[in-house]
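Chains, contacts and geometry: an overview
Each chain, letter by letter, is given below.
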Amino acid sequence: MSESKEIVRNFIEEIIEEDIRNNKHQGRIHTRFPPEPNGYLHIGHAKSICLNFGLANTYGGKTNLRFDDTNPVTEDVEYVESIKQDIRWLGFDWEDREYYASDYFQQLYEFAIQLIKSGKAYVDDSSAEEISARRGVPTSPGENSPFRNRSVEENLELFEEMRAGKVKEGARVLRAKIDMASPNMHMRDPIMYRILFTPHHRTGNKWCIYPTYDYAHGQSDSIEGITHSICTLEFENHRPLYNWFIENLDIFPSRQIEFARLNLEYTLMSKRKLLQLVNEKLVDGWDDPRMPTLSAFRRRGIPPEALREFATAVGIAKRENIIELSRFENIVRNHLNKKAIRTMAVLDPLKVIVTNYDRGVEWLEVENNPEDPASGKRKIAFSREIYIEQDDFMEIPSDNYYRLSPGKMVRLKAAYIIRCDQFVKDQNGKVTELHCTYVPESRSGQDTSGLKVKSVIHWVDASHSITTEVRLYEQLFTKPDPASFETIHEIINPESLIILSDARLEKDMANAAIGFSYQFMRKGYFCLDNGNHDGKLVFNRTMTLKDSFSK
RNA sequence: UGACCCAUGGUGUAACGGUAGCACUACAGAUUUUGGUUCUGUCUGUUAAGGUUCGAAUCCUUAUGGGUCAACCA
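Each value, and the rule that gives it
Residues numbered from 1 in each chain as written. Chains lettered and ligands numbered in written order. Predicted model: local features only at pLDDT ≥ 70, side-chain atom pairs only at ≥ 80, totals over all residues. Heavy atoms only, no water. Near = heavy atom within 4 Å. Polar contact = N/O pair within 3.5 Å; in protein donor to acceptor, adjacent residues only side chain to side chain. Helix = DSSP H or I, 4+ residues; strand = E, 2+ residues; numbered from the N terminus. Nonpolar A, V, L, I, M, F, W, Y, C, P; charged D, E, K, R; others polar. Domains from an automatic or database assignment. Phe/Tyr/Trp six-rings, centres within 6.5 Å; stacked < 30°, edge-to-face > 60°. Buried < 20%, exposed > 50% of the residue type's maximum accessible area, 1.4 Å probe, protein only. Pairing = 2+ DSSP bridges. Expected span 1.5 Å × (residues − 1). 1 Å grid on protein atoms, 1.4 Å probe; cavity = no way out; pocket = protein on both sides within 12 Å on 5 of 7 lines; lining within 4 Å. Points joined across faces, edges and corners; volume = space filled by probe spheres on them. Core = buried A, V, L, I, M, F, W, Y, C linked by side-chain atoms within 4.5 Å. Contact = heavy atoms within 4.5 Å. Axes fitted to C-alpha atoms, helices over the stretch in contact; angles between N-to-C directions. Parallel < 35°, antiparallel > 145°, perpendicular 65-115°, else oblique. Disulfide = S-S within 2.5 Å.

1. Observations concerning the protein's contact with RNA strand B
Taken together, the neighbourhood of RNA strand B is formed by 66 residues, with Glu-14, Arg-342, Ser-444, Gln-519 and Arg-522 sitting nearest. Of all RNA strand B atoms lying within 4 Å of any protein atom, the proportion belonging to sugar or phosphate reaches 59%. Glu-320 is positioned with one of its side-chain polar atoms (N or O) 3.0 Å from a sugar or linking oxygen of RNA strand B. Measuring from a sugar or linking oxygen of RNA strand B, one finds a side-chain N or O atom of Asp-547 at 3.3 Å. Of all elements in the fold, only helix H5 (128–135), strand E6 (191–195) and helix H12 (325–339) reach the threshold of two or more residues within the surface near RNA strand B. In the surface near RNA strand B, the residues fall into 25 nonpolar, 21 polar and 20 charged.

Encoded structure:
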């Protein structure tokens, strides 16, 4: 027997396995993914989704989808729908466990009464400014609110007035009574409820007091019996408070565990800034293929399997990290290379006349995907007039350039070797046409010419091709660390989108379908855009091929 | 002048007191009818100083560096 591959566990898996060994919660594992419906899911969320659902999957547990909808001011149903669609597309299923923090508003309210009754919460009439001023700073203690020692009866009465809508927004809050001198700012009598006369997308006008994150989140976890509540590092300082509520309410002890969020080079993860890109129309919307949102990845042709692999490949740890884009690209290319059907597409056409070709149209056979023999072969037309890529010809070639130039030969993929005899320029000096001769005995697969050429280039037949639009995407930002810049405008990449309207594809590509990936040979991976273009075909570049020929 | 967390090649992540490994990147070579793919090889690492120990990336102390916290956001 060969030795089995060692399984590497991340620190969360180690905690879970320890809990299972100790029979904690009878070995039950239950996680949750808690998005706030105030924006679209991005690749950072994908890491969290894969972690939470993945953990449940490997340990025979369950994962709830719970919308953390405690702030009606910023949240909307539009986001709820997109989030559900994106999680499904990523490949995960929460079955019937679709919950909302707002489902628990009544329960949370009763918990609050319980804390008031036990003298652990009080109503504060201070203004936001006063509260902030009395909270102190991290390096020195705060001071108690003058309203801190109200009687239980008074607190109950006042809180009821808040609930009943008798108090103006901002005039009163409910606070936990903990310790204004705590070195942890979150323990300095944190706010539990604030008054907001904003209708909620689910509860409508039923409530005008809304629980804050700190008060709602842990209790929602507890209500759902979540065993491992996984969140990002910035909530580390909230954990004592998370535990304080659970202990003082004496409810199910969910455990919060923090891990380092995903950071990716050239990518912004801040929902606020992504929203800004959308609002200022710096991109085409949340699903603009340059965005890091899941809907954008879908539109750009990134396979969900690749995203899942990436999410686990980056690892789970507590160390701050910035993943290199090459890591992401490597994984996406691996997936696409295996499954993408090859086709020839000339993005920037240059006409070639094969002057000695007089056999009309000839049909040549070519593999659909050399990586996958099962993908079969197809026939492509070849005739006297074809197109090649502008940059596959250089009038004065550089030393390491081994494509076409005057007097030089290349092979046309799956066809013949041609030699460039002449070129035609327009008045601007741009090369507009090549006159070449082909070598009849060099036909692909039955080459008896004995000629050796350094390069094989792609091409399409002029009369057996279609003209389409092709969109080339590059990084949206010119800096690898866009988050560290104050304004996004200064780092927007002006060439992040290049629209080519005259691309020539093999005629068969008229039948291209959404959801499939194609490799435009030597040019990259592309997919049909899922937007509405009045019947016109538009292709998005998912990713370039790795390019060892640097320009 | 606080609390909490983190520190392993360029990047990310393993090694759970006993040979610092893997992946990506970069570079070099081989193969190739995609300058793709594939294959082979090379370079580069335990933040520092003490301590414990036969033995420390791992445990302890201190220092240094980085992150988070002062919304009625999540």
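2. Thoughts on the domain arrangement of chain A
According to the domain assignment, chain A contains domain 1 (21–259), domain 2 (264–341 + 468–550) and domain 3 (345–458). Look at where the C-alpha atoms of domain 1 and domain 3 centre, and you get two points 64 Å apart.

3. Considering the packing of aromatic side chains
A complete count under the given rule lists 24 aromatic pairs for this structure. Arranged with centres 5.2 Å apart and planes meeting at 70°, the rings of Tyr-215 and Phe-245 form a pair that is edge-to-face. Here Tyr-215 is found in helix H7 (residues 213–223), whereas its partner Phe-245 is found in helix H8 (residues 239–249), with 30 residues between them in sequence. As far as burial versus exposure is concerned, Tyr-215 and Phe-245 are alike and both buried. Ring centres of Phe-393 and Phe-423 lie 5.6 Å apart, and the angle between their planes is 50°; on these two criteria the pair is classed as tilted.

4. Looking at the sheet that holds strand E12 (residues 349–354)
Read across the open sheet, the seven strands follow the order E19-E16-E17-E18-E12-E15-E20; overall the sheet is mixed. The strands lining the two open edges of the sheet, one partner per strand, are strand E19 (456–457) and strand E20 (459–461). Pairing between E12 and strand E18 (residues 431–438): four bridges, direction parallel. Its bridge partner lying in E18, Ile-353 is registered against His-435.

5. Points about H12
In this model, H12 (15 residues) spans 22 Å end to end at C-alpha, consistent with the 21 Å of a helix rising 1.5 Å per residue. All of the buried residues along H12 are Leu-325, Phe-328, Ile-331, Val-332, Arg-333, His-335 and Leu-336.

6. So, empty space enclosed by the protein
For the structure shown, the criterion picks out one cavity of 30 Å³ or more. Space inside the largest cavity adds up to approximately 40 Å³. For the largest cavity, the full set of lining residues is Tyr-213, Asp-214, His-217, Gly-218, His-238, Leu-241, Tyr-242 and Gln-256. When residues of the lining of the largest cavity are traced back to their parent elements, those giving at least two are H7 and H8. With four residues, H7 is the single largest residue contributor to the lining of the largest cavity. Across the lining of the largest cavity, the residue classes tally to three nonpolar, four polar and one charged.

7. Concerning the nonpolar core
Within the largest apolar cluster, 37 residues are counted, with the highest numbers of intra-cluster contacts made by Ile-43, Ile-87, Leu-307, Phe-310 and Phe-328. The set of elements that each furnish at least two residues to this core consists of helix H2 (43–58), strand E2 (62–67), helix H3 (77–90), helix H10 (294–300), helix H11 (304–313) and H12. Here this core spans two domains, since at least three of its residues come from each of domain 1 (21–259) and domain 2 (264–341 + 468–550). Every residue in contact with Phe-328, bar those within four places of it in the chain, is listed here: Ile-43, Phe-297, Ile-302, Leu-307, Phe-310 and Met-543. Core analysis: the next-biggest nonpolar cluster, separate from the first, contains 35 residues, Ile-209, Tyr-210, Trp-244 and Phe-245 among them.

8. Section: the packing of H2 against H11
With their axes 9 Å apart at the nearest point, H2 and H11 run at an angle of 75° to one another. The angle between H2 and H11 places the two elements in the roughly perpendicular class. In this structure, H2 uses Ile-43, Ala-46, Lys-47 and Cys-50 to contact H11, whose residues at the interface are Leu-307, Arg-308, Phe-310 and Ala-311. Residue composition of the contact of H2 with H11, by class: six nonpolar, no polar and two charged.

9. Overview of the pairing of strand E13 (residues 362–367)
Here E13 shows a clear split, with Glu-362, Leu-364 and Val-366 buried on one side and none of Trp-363, Glu-365 and Glu-367 buried on the other. Across six bridges, the pairing between E13 and strand E14 (residues 377–382) is antiparallel. Bridge pairing in E14 links Glu-362 to Phe-382.

10. Observations regarding the environment of Glu-385
Tracing the sequence through the fold places Glu-385 in strand E15 (residues 385–389). Taking the C-alpha atoms as reference points, Glu-385 and His-186, separated by 199 residues in sequence, lie 73 Å from one another. For Glu-385, the contacting residues outside a window of four places in its chain are Lys-351, Val-352, Ile-353, Asp-461 and Ala-462. Within the structure, Glu-385 has its side chain in polar contact with the side chain of Lys-351 (distance 3.0 Å).

11. Here's the deal with the pairing of strand E16 (residues 409–412)
Direction of pairing for E16 relative to strand E17 (residues 417–425): antiparallel, over a ladder of three bridges. Looking at the pairing, Val-410 lines up with Ile-418 of E17. Counted along the chain from E16 to the antiparallel partner E17, the turn is four residues long, and its residue Ala-414 has a positive phi close to 65°. Here E16 pairs with E19 via two bridges, running parallel. In the sheet register, Arg-411 faces E19, and the bridge partner there is Val-456.

12. Topic: the sheet that holds strand E10 (residues 341–343)
If you trace the seven strands from one edge of the open sheet to the other, you get E10-E23-E24-E25-E21-E22-E11, paired in mixed fashion. Looking at strand neighbours, the two that pair on one side only are E10 and strand E11 (345–346), the edges of this open sheet. Of the strand pairs in this sheet, E11 and strand E22 (residues 497–506) are connected by two bridges, and their pairing is antiparallel. By the bridge assignment, Ala-345 is partnered in E22 with Leu-505. With respect to the sheet, H12 is in contact with E10, strand E23 (518–520), strand E24 (524–528) and strand E25 (538–543), its orientation differing from that of E25 by roughly 125°.

13. Things to note about the state of the cysteines
Taken as a whole and assessed by the stated rule, the structure comprises zero disulfides. Lacking any disulfide linkage, Cys-231 is separated from the closest cysteine sulfur, that of Cys-50, by 17 Å.

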